[in-house]
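Coordinate analysis (summary)
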Amino acid sequence: MSRAMTTQWQTNRNITAAFAAALAILIVVGGFSYRNILVSDESSKWVEHTRDTLKNIQMLRLSMETLSSGLRGYIISGREAYLDNYKAAKQGIEPLRLALLDLTADNPAQQSRVAALGGLIVERLERTERVIVLRRNGGMDAAVAGVRDERGEAITNEFQAIVLAMQKEEYRLLALRKAESISDVTRTKIILIAGTLLGLLVTCVAGWSVLHGSAQRQAAELATLESEERYRRLIDGVQDHAIYMLGPAGEIRSWNPGAKQITGCTWEEVAGQNFSRFFPPDDIKSGRPQEILRLAAENGLYEDQGVRVRKDGTRFLIRSTITASRTAAGELSGFNAISRDLSGTKESEAKYRGLMEAAPDAMVVVNQGGEIVLLNVQAEKQFDYRRDELLGQKVTNIIPEGFAERLIADDLRSEKDALAQQIGTGIELIALRKDKSEFPIEIMLSPLESAEGTLVTAAIRNISVRKEAEKFLAQMEGKYRGLLEAAPDAMVVVNQAGEIVLLNIQAEKQFGYRRNELLGQKVKNIIPEGFAERLVADGLRSKADALAQQIGTGIELHGRRKDGSEFPIELMLSPLASDNGILVTSAIRDITKRKKAEVHLMQKMDELNRSNEELGQFAYIASHDLQEPLRMVASYTQLLARRYKGKLDSDADEFIAFAVDGASRMQRLIQDLLLYSRVQTKGMELRETSSEEAFERALQNLRGSIQESGAVVTHEALPNVQADEMQLAQLFQNLVGNAIKYQGSGIPKIHVSAKMNGGNKWMFSVKDNGIGIDAQYFDKIFGMFQRLHKREEFAGTGIGLAICKKIVERHGGNIAVESQPGHGSTFSFALEDSQSTT
Amino acid sequence: MPIEVLLVEDSTGDVRLTQEAFLEENPTVHINVAVDGVEAVAFLQRQGKHADAPRPDLILLDLNLPKMDGREVLALIKEDDSLKLIPTVILTTSDAEADIVKSYQLQANCYLTKPVQLEDFEVLVKSINDFWLKQVKLPQQLQF
Amino acid sequence: MEEAAAHKRYVEVLLVEDNPADARLAKEVFRDVNSSVRLHFASDGLIAMAFLKREGIYADAPRPDLILLDLNMPKMDGRAVLARIKEDDDLKIIPTVVLSSSEADADVLISYRLRANCYLRKPAQWDEFDHIIRCINAFWLSKIRLPRQLEVPA
């Protein structure tokens, strides 16, 4: 193995070296590249600069030329316009020269040339100005004369020479820069290529190294693996012996299935831990584990027998052999250990003892003679005895009845059988404490084979609490059962499976079953639809939700009796928690009667509606059909009266007059009847109405009689009310019309007002100064066709107030009158305010 | 030339009243009477014993008639290309909204309700006369 | 015993007339003779149709109880309007009185053919015009039963 490791190490080193080399190369290359970028940047700047300089020089030359050429035109023509170019050049030349100075600031040679140029420019300008003056004053000839001299040409030549020199210089510099730049680039290129190649090379070397080392290593590994494999198989094969390795201090270095089996711990759980963890606390305290190791190290080998503790806390006996292993140099490198679990042997008692002690319940081991041979600390506590007080005692001392007998063989069964029958079942008995107080227990028996024969282990549990709870529950159930029985409705309790678990006598009666016939039955049998489904959880809701949805609401369904007949029921559900989960209590009410009543009510309402309609129709038809023949009678009697008045005898006149009168009256009566019936049949929905407007309408209709009588009608602001506008107008019209009609000798004065009454009603009053009404007639006047006066005194059929009454009643109010004969009357009625939302 | 009015009315009492009223109001009006819808149609179409019947300038039509109801007569008149030109005035006792609307839908020229009182009736006849027989331009009796 | 007055507050009359003088006169007469008349004006056939159909600015126009229709008008003349009215199932029940200055018998015939409820010749003299308006009022708005707009049974 170590060979492989070495190779590995070597390979690692190689790789690291390779990486380091590659990195170095990268840095170098990167550095050069960066530098090159900077350099090329610079050179391009220089190129720019040179170009600018050259441009400037050119422009300067041009301006210089213009100074001369512009002049020529002027000299010849004398026209000032020719001087424009000249002037422009003159203005711009010096700035140009200064700019050139700036551009060549780094080159002394150039600088001196620029300075020289400056001098030449000045000279030229002087000359040209002179010539201009000459021309202006002396004409062309004078100017020409002034121009013709050698100096002029010389200036131009000198200028040219200097310009040329400057240009040359610039070009030279340019060429130089270019060359530099190129060499730089080339150098960088070389370095880049070289670097890359180098990098590649290094990588290849590293790779090869790895591969080579890897191959070597693999071979070594394979060999190691094989031997390990063999070794492992050996160890794993051992299941009932723990074979493990420890470090010099006792740290666990290996584990095998046997060790896992014995201790209950997996390798992951123990790796690295000290093996002393498996020792009992006392031993750890006394330093036993280290002692063992020391001895093993001293003698090379040590055998130990002792108690260990499993993962689950149970103790067990082992015998272990520990050998020390040493290095070639003789150093202690660790220990090898082989241990065997001794539980199967007579030491199982000890194991068992351990188990018992750890048990949460009281445990008592009894022999065939009924004597206690073993007990645990819980038993001591439960029965309030000391261990030695119970050992050897008859078990009947603590469990007087029910235990010992069960173990006794009798003619019917052998011991074994007797025992077999009791195993496993929880038996409820009464136990006795030391102080002779009793308490309820539940015992569970199990056999125990021992050298002394079959023993019985009893696990004893104090169930006093449970018994209390049960008693309480029984009480509750009793109460509940009582409630159930006492309920007037049928009550059925259903479990989640839809089965009836409880019912009361009413349920028996209603459904015609006996109790036993229903208990355990599916509730579907008595309520075919609508109940069981409601309890079922479906994709949308859990059972609890499903139930919750139904609680409280009365559900109308059908119930089915034993004889198959169905009847309508109303169901009210409520949940009931129990040990068996949520149960549903349902109260079932037979609503046959109610349903019948409902149907009956509907029928009656229909009838009523129909009869109302018929009545309305009847009233209409009656008056309408009556009108026809009446119209004939009335019309013809009138025609008779007209045509034959005075032509027959006076009796005939009288008779005809009566006939006409009678007919007319009948017509009016029928018309009034029609009006009266129309209050209902042609009544419109009540809605927000301006009573003020309705009142105005009434007055409009009455304007004739108002004018005639000179009546004075006043009113206060009238509110908005819930009303049928037309009928309201009719109401006002009748009342005011009456007030005008039933007047004595004076001018009728009528006042209409409204007052809020009780928050949502308006009390209207129509007050007049008419003839008044005697108290005894207060009710009568509102009757149909009731009149208090003779026809000769006052016209009218007596239906007006009846119509008023009908209208007011239709609006949900009442009409009343207050009056005194000779002192006018006040009619009052209430209407609902339009704002009220009742 | 007398003005020809066709009065379609089943109540003889009403017929007489109408005649009397027109007599009073405009004696040049000649009232032709048909007592039921069938007779009215026969008159208008100049069938049978009405072969020589004059073409009315105005039709006064009651709605509630035996045999053929006034609405049917109205519909018939207004569907006939030549008869539909004759102004047809509904003169009936009904004031039911349904009847009124139906009549206008069937293109009655106008709808009048017979008043209950004699006086009112006479006034109505007067206004029919004033309006339809004096003011209104009636279509000429050209055969089309 | 008087019954409460007209079911509706106002009687809506649509006067389709291109002559403003005539329109004005009609307005005055109605105001004088019947205070519950609300007169609406359309000066040509297009406006009249828009009013009747409640289109555009006439979206809130009331439905007329009576239409007085001149025949000779620009844009869309009275005959076209009449035809359109009497073709429309909804509008045809509105009594339409043709009030035209035309002397032509042909016009009378056409109007009745197009189912005008009646034809009146518009007098040239203004006092006669006044009179005819009164007659219209007296007959059509007092005696005649007009179809009530609100509840139209199927």
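Everything quoted here is computed from the prediction, not taken from an experiment.

**Concerning the overall build of chain B**
- Across its full length, chain B carries five helices and five strands.
- Helices (α) and strands (β) of chain B occur, in sequence order from the N terminus, as β-α-β-α-β-α-β-α-β-α.
- Out of the 144 residues in chain B, the part that is buried amounts to 62%.
- Partitioning the intrachain contacts of chain B with sequence separation of at least 6 by distance along the chain shows that 66% fall at a separation of at least 24.

**A few points about the overall build of chain A**
- When helices and strands are tallied, chain A shows 24 helices and 21 strands.
- Burial statistics for chain A: of 838 residues in total, 38% are counted as buried.
- Looking at chain A alone, contacts between residues at least 24 apart form 54% of all its contacts between residues at least 6 apart.
- Element-wise, carbon and sulfur atoms account for 57% of the exposed surface of chain A, whose accessible area totals about 47900 Å².

**Side note on the sheet that holds strand β10 (residues 490-494) of chain A**
All names here are of chain A.
- One open sheet accounts for five strands, arranged β11-β10-β14-β13-β12; its pairing is antiparallel. This sheet does not close on itself; its edge strands, each paired only once, are β11 (500-503) and β12 (554-560). Mean inter-strand twist for the sheet, computed between neighbouring axes without regard to direction, equals 35°.
- Along the sheet, helix α19 (residues 592-644) contacts β12, β13 (566-578) and β14 (581-590); its crossing angle with β13, the most-contacted strand, is approximately 130°.

**A word on the confidence of the model for chain B**
- Predicted confidence across chain B gives a mean pLDDT of 89, with 97% of residues reaching 70 or more.
- Interface confidence for the predicted complex, expressed as ipTM, amounts to 0.86; the pTM equals 0.47.

**Here we look at the packing of aromatic side chains**
Residues and elements named next belong to chain A.
- Overall, the coordinates contain 16 aromatic pairs over all chains when judged by the stated rule.
- Each ring, one from F764 and one from F829, has its centre 5.2 Å from the other, and the planes form 5°; the classification is stacked. One end of the pair, F764, is in strand β19 (residues 761-768); the other, F829, is in strand β21 (residues 825-832), with 65 residues separating them in the sequence.
- The buried category is assigned to F764, whose relative accessible area is 0%.
- A relative accessible area of 0% means that F829 is categorised as buried.
- Seen from their ring centres, F782 and F827 are 6.1 Å apart, and the 85° between their planes marks the pair as edge-to-face. Of the two residues, F782 is situated in the loop between β19 and α24 (800-810) and F827 in strand β21; the sequence distance between them amounts to 45 residues.
- In this structure F782 comes out as buried when scored by relative accessible area, which is 8%.
- The structure contains a cluster of three or more aromatic residues connected by ring pairs, namely F695, F732, F764 and F829.
- Between the NZ or CZ atom of R277 and the centre of the ring of F278, over which it lies, the distance is 4.8 Å.

**Let's talk about the pattern of salt bridges**
- In the structure shown here, the tally under the stated rule is 61 salt bridges over all chains.
- Across the pair A:R594 and A:E556 runs a salt bridge, and its minimum N-O distance is 3.2 Å. Remark: A:E556 occurs in strand β12 and A:R594 occurs in helix α19; sequence separation between them is 38 residues.
- Relative accessible area serves as the criterion here: at 40%, A:E556 is assigned to the partly exposed category.
- Here B:D36 makes a salt bridge to B:K67, at a shortest N to O gap of 3.5 Å. Taken as a pair, B:D36 in the loop between β2 (29-34) and α2 (37-44) and B:K67 in the loop between β3 (58-61) and α3 (70-79) lie far apart in primary sequence, 31 residues in all.
- On the basis of relative accessibility, which here comes to 71%, the residue B:K67 falls in the exposed class.
- Through salt bridges with shared partners, a single ionic network connects A:E556, A:E570, A:R594, A:K595 and A:E598.

**Points about the interface of chain B and chain C**
- Of the residues lining the interface, 32 residues belong to chain B; the matching set on chain C comes to 31 residues.
- Regarding the contact of chain B and chain C, the summed buried area is about 2900 Å², with carbon and sulfur atoms giving 63% of it.
- When the buried surface of chain B facing chain C is broken down by residue, B:Y104, B:F131 and B:K137 rank first, second and third, together holding 22% of it.
- Linking chain B with chain C are zero salt bridges.

**So, the pairing of β2(B)**
Residues and elements named next belong to chain B.
- Of the strand pairs in this sheet, strand β1 (residues 3-8) and β2 are connected by six bridges, and their pairing is parallel. Looking across to β2, one finds that V8 is bridged to A34.
- Note on the crossover from β1 through helix α1 (residues 12-25) to β2: the handedness is right-handed.

**Description of the interface of chain B and chain A**
- Taken together, the contact pairs 17 residues of chain B with 15 residues of chain A.
- The contact between chain B and chain A buries some 1400 Å² in all, and 44% of this surface belongs to carbon and sulfur atoms.
- In terms of surface lost to chain A, no three residues of chain B exceed B:L17, B:V116 and B:L118, which account for 39% of the buried area on that side.
- The tally of links from chain B across to chain A stands at three salt bridges.
- Measuring nitrogen to oxygen at the nearest pair gives 2.5 Å for the salt bridge that ties A:R642 to B:E122.
- Summed over the shared surface of chain B and chain A, the number is seven residue pairs in polar contact (both at pLDDT 80 or more).
- Broken down by element, the residue count for the side of chain B that touches chain A peaks at six residues, all from α1(B).
- Here the residues of the side of chain B that touches chain A sort into four nonpolar, six polar and seven charged.

**As for helix α4 (residues 105-113) of chain C**
- Among all positions of α4(C), only C:D107, C:V108, C:L109, C:S111 and C:Y112 are buried.
- Close packing links the buried residues of α4(C) with α5 (118-135) of chain B together with α3 (78-87), β4 (96-100) and β5 (118-121) of chain C.
- Two residues or fewer past α4(C), C:R115 is found with a positive phi of approximately 75°.

**Some points on the packing of α1(B) against α5(B)**
Residues and elements named next belong to chain B.
- Where α1 meets α5, the axes come as close as 9 Å, and the angle between the chain directions of the two elements is 60°. If you check the angle between α1 and α5, you find them oblique. Two packed elements cross with a definite hand, and for α1 against α5 that hand is right-handed. In this structure, α1 uses L17, T18, A21, F22 and E25 to contact α5, whose residues at the interface are L118, F121, E122, V125, K126, I128, N129, D130 and L133.
- Its residues assigned to classes, the contact of α1 with α5 comprises eight nonpolar, two polar and four charged.

**Focus: the state of the cysteines**
- One pass over the structure, following the stated rule, counts zero disulfides over all chains.
- C:C118 supplies the cysteine sulfur nearest to B:C110, a cysteine that is in no disulfide, at a spacing of 7.6 Å.

**A word on the nonpolar core**
- The biggest cluster of nonpolar side chains holds 102 residues, and the ones touching the most others in it are B:F131, B:W132 and C:W140.
- Counting residues in hydrophobic clusters, the runner-up holds 42 residues, among them A:W762, A:I781, A:I799 and A:F829.

**Some points on the sheet that holds strand β3 (residues 66-69) of chain C**
All names here are of chain C.
- With parallel pairing, the five strands of this open sheet are ordered in space as β2-β1-β3-β4-β5. The strands lining the two open edges of the sheet, one partner per strand, are β2 (37-42) and β5. Along the sheet, successive strands turn relative to each other by an average axial angle of 20°, direction set aside.
- Of the strands in this sheet, β1 (11-16), β2 and β3 are in contact with helix α1 (residues 20-33), which crosses β2 at around 175°.
- Each of β4 and β5 is contacted by α4, which is oriented at about 155° to β5, the strand it contacts most.

**Here's the deal with unusual backbone geometry**
- Even without being a glycine, A:D384 presents a positive backbone phi close to 65°.
- The topology assignment puts A:D384 in the loop between α10 (377-383) and α11 (387-390).

**So, the environment of A:Q273**
All names here are of chain A.
- If you trace the backbone, Q273 turns up in the loop between α6 (267-270) and α7 (281-286).
- Q273 sits 22 residues away from E251 along the chain, and the two C-alpha atoms are 5.3 Å apart.
- Contact partners of Q273, with chain neighbours within four places excluded, come to G250, E251 and I252.
- Engagement of the side chain of Q273 in a polar contact is seen with the backbone oxygen of E269, the distance being 3.0 Å.

Cut-off values and rules
Residues numbered from 1 in each chain as written. Chains lettered and ligands numbered in written order. Predicted model: local features only at pLDDT ≥ 70, side-chain atom pairs only at ≥ 80, totals over all residues. Heavy atoms only, no water. Helix = DSSP H or I, 4+ residues; strand = E, 2+ residues; numbered from the N terminus. Buried < 20%, exposed > 50% of the residue type's maximum accessible area, 1.4 Å probe, protein only. Contact = heavy atoms within 4.5 Å. Areas by Shrake-Rupley, 256 points an atom, 1.4 Å probe, with all protein chains shown as cover. Pairing = 2+ DSSP bridges. Axes fitted to C-alpha atoms, helices over the stretch in contact; angles between N-to-C directions. pLDDT = per-residue confidence, 0-100. Phe/Tyr/Trp six-rings, centres within 6.5 Å; stacked < 30°, edge-to-face > 60°. Lys NZ or Arg CZ within 6 Å of the ring centre and 35° of its normal. Salt bridge = Lys/Arg side-chain N within 4 Å of Asp/Glu carboxyl O. Buried area = accessible area lost by both parts, 1.4 Å probe. Right-handed = clockwise from strand over helix to strand, strands pointing away. Polar contact = N/O pair within 3.5 Å; in protein donor to acceptor, adjacent residues only side chain to side chain. Nonpolar A, V, L, I, M, F, W, Y, C, P; charged D, E, K, R; others polar. Parallel < 35°, antiparallel > 145°, perpendicular 65-115°, else oblique. Left-handed = near helix turned anticlockwise from the far one by under 90°. Disulfide = S-S within 2.5 Å. Core = buried A, V, L, I, M, F, W, Y, C linked by side-chain atoms within 4.5 Å.

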